[in-house]
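# Analysis of the macromolecular model
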Amino acid sequence: MAENILFVNSCIRGKNVSRTYKLSDFFIKKYMESKKDCVLKEIILDELNLKPFNSDMIERRNIEVSERKTDELISLAIEFAKFDTIIVATPYWDLSFPSMLRVFYEHISVSGITFKYEKDGTPKGLCKAKKALYITTSGGYMGDNNYGYEYTKELFNFIGIKNTYILKAEGLDIEENNADDIIDKAIKEAEVLGEKF
Ligand SMILES: Cc1cc2nc3c(=O)[nH]c(=O)nc-3n(C[C@H](O)[C@H](O)[C@H](O)COP(=O)(O)O)c2cc1C
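Here goes a summary of the coordinates provided. Just so it is clear, the model here is predicted, and its values are computed rather than measured.

The next subject is the overall build of the chain. Secondary structure summary: the chain contains seven helices and seven strands in total. In summary, the chain has a C-alpha radius of gyration of 17 Å against a globular reference of 16 Å for 197 residues, a match within 12%. Projecting the C-alpha coordinates of the chain onto the three principal axes gives extents of approximately 55 × 40 × 35 Å. Considering the chain as a whole, with its 197 residues, one finds that 45% of them fall into the buried category. The contacts in the chain between residues at least 6 apart in sequence include a share of 78% that link residues at least 24 apart. Per element, the accessible surface of the chain, about 10,800 Å² overall, is 49% carbon and sulfur. Taking the average place of the 28 positive charges on the side chains of the chain and the average place of its 32 negative ones, the gap between the two points comes to 6 Å.

This is the structure in C-alpha cells:
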C-alpha cells in the first residue's frame, strides 16, 4: 500500500525565498525517490487562512464532533488522522514558529478524532502516523530554545505520533556565516536522514 505523506508547509516567505522550503523540498524529493510508492499532499498554511478558535467556533466544533452532521471545523483533523507520515516545514520565529502553525495545530487537536481520553482520564492518541519530521531553519542558534520543535514533538506524541525527528539549519542570518554553505551541509544531512526516516 502506498505511503500517504502530509507536508505541512508553514514556510511563510514562500517557495522562492524560504530556505526552510528549499531544505524540505530537497528532503521530500529524496525521500519519495527512495520509497517509490508514496503519495504526497501539501497543505500551504499561508493559503489556508485558518482562523484561531473563538468561543463560537469551539461550541460549533463540539456539536460537529457529537452529531457529525457537518464537518466544517473538524475536517482537517479527520484528514490529518489518516496520514502515514507527517512532514512539517517551518522557520524559527520568536523562539518557536509562525502563529499560523499554532492555529493549524489547534485545528487538528480534536478530542474524539485525533485523541481521546480513556475512562480513567489517560489520553490516547488516535492518529495513524508512526513518524513525523520537523524541518526548520533559524537566523541565529536555537540552542536549548527550540520550543517549536519541543512543542510539536509533545503534541504529536499526545495525538499518537510517537517518533518525531528534526532536520535543521542554524545561523543563517549571521553576517560572518555563509548561508548557502549551511544549507548545503543540511542537505547532506537530509540525504542521510532520508534513508533511515
Ligand atoms: C518574524 C521573524 C521572527 C524571527 N525570529 C527569530 C528568532 O527568534 N531567532 C532566530 O534565530 N531567528 C529568527 N528569525 C530569523 C529566521 O529564523 C531565519 O531567517 C530563517 O532562516 C527564516 O526561514 P525562511 O528562509 O524559511 O523564511 C526570525 C525571522 C522572522 C521573519
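Judged by nonpolar contacts, the single largest core of 25 residues is most densely connected at Phe-80, Ile-86, Phe-104, Tyr-105, Phe-156 and Ile-161. Counting only elements with at least two residues in this core, the list comes to β1 (3-9), α4 (75-80), β3 (85-91), α5 (99-108), β6 (131-137) and α6 (147-158). Looking at which element gives the most residues to this core, the answer is α5, with four residues. Leu-23, Tyr-31, Ala-169 and Phe-197 belong to the second-largest nonpolar core, a separate cluster that totals 23 residues.

Let's shift gears to the packing of aromatic side chains. All chains considered together, the criterion is met by 16 aromatic pairs. Taking the centre distance of 5.7 Å and the plane angle of 45 degrees together, the rings of Tyr-134 and Tyr-149 count as tilted. Linking Tyr-134 in strand β6 with Tyr-149 in helix α6, this pair joins segments that are 15 residues apart in sequence. Accessibility expressed as a relative area gives 0% for Tyr-134, which makes it buried.

Time to look at the site of the ligand. In the vicinity of the ligand, 15 residues are found, and the nearest of them are Ser-18, Thr-20, Tyr-92, Gly-140 and Asp-173. In the model, an oxygen atom of the ligand is placed 3.3 Å from a nitrogen or oxygen of the Leu-95 main chain. Contact with the protein chains removes 75% of the 640 Å² of surface that the ligand exposes when unbound. Its residues assigned to classes, the shell around the ligand comprises five nonpolar, six polar and four charged.

Turning our eyes to something else, we now look at the state of the cysteines. If you walk through the whole model with that rule in mind, you get zero disulfides. As a non-bridged cysteine, Cys-11 has Cys-38 as the owner of its nearest cysteine sulfur, 20 Å distant. Of all cysteine sulfurs, the one in Cys-38 lies closest to Cys-127, which takes part in no disulfide; the gap is 19 Å. What makes Cys-127 buried here is its relative accessible area of 9%.

Take α6 next. Each full turn of the α-helix corresponds to 3.6 residues, which orients residues three or four apart in the same direction. In this model α6 runs 16 Å from its N-terminal to its C-terminal C-alpha over twelve residues, within 8% of the 16 Å that 1.5 Å per residue would give. Residues of α6 that are buried include every one of Gly-148, Tyr-149, Thr-152, Leu-155 and Phe-156, and no others. Each buried residue of α6 sits inside an arc of 135 degrees when the element is viewed along its axis, so together they form one side. The inward-facing, buried residues of α6 contact α4, β3, α5, β6 and β7 (163-169). In the stretch just after α6, Gly-160 is the one whose phi turns positive, near 110 degrees.

Rules behind the numbers
- Residues numbered from 1 in each chain as written.
- Predicted model: local features only at pLDDT ≥ 70, side-chain atom pairs only at ≥ 80, totals over all residues.
- Heavy atoms only, no water.
- Helix = DSSP H or I, 4+ residues; strand = E, 2+ residues; numbered from the N terminus.
- Rg over C-alpha atoms; globule rule 2.2 N^0.38 Å.
- Buried < 20%, exposed > 50% of the residue type's maximum accessible area, 1.4 Å probe, protein only.
- Contact = heavy atoms within 4.5 Å.
- Areas by Shrake-Rupley, 256 points an atom, 1.4 Å probe, with all protein chains shown as cover.
- Lys, Arg positive; Asp, Glu negative; His and termini not counted.
- Charge placed at Lys NZ, Arg CZ, Asp CG, Glu CD.
- Core = buried A, V, L, I, M, F, W, Y, C linked by side-chain atoms within 4.5 Å.
- Phe/Tyr/Trp six-rings, centres within 6.5 Å; stacked < 30°, edge-to-face > 60°.
- Near = heavy atom within 4 Å.
- Polar contact = N/O pair within 3.5 Å; in protein donor to acceptor, adjacent residues only side chain to side chain.
- Nonpolar A, V, L, I, M, F, W, Y, C, P; charged D, E, K, R; others polar.
- Disulfide = S-S within 2.5 Å.
- Expected span 1.5 Å × (residues − 1).
- Arc of directions from axis to C-beta.

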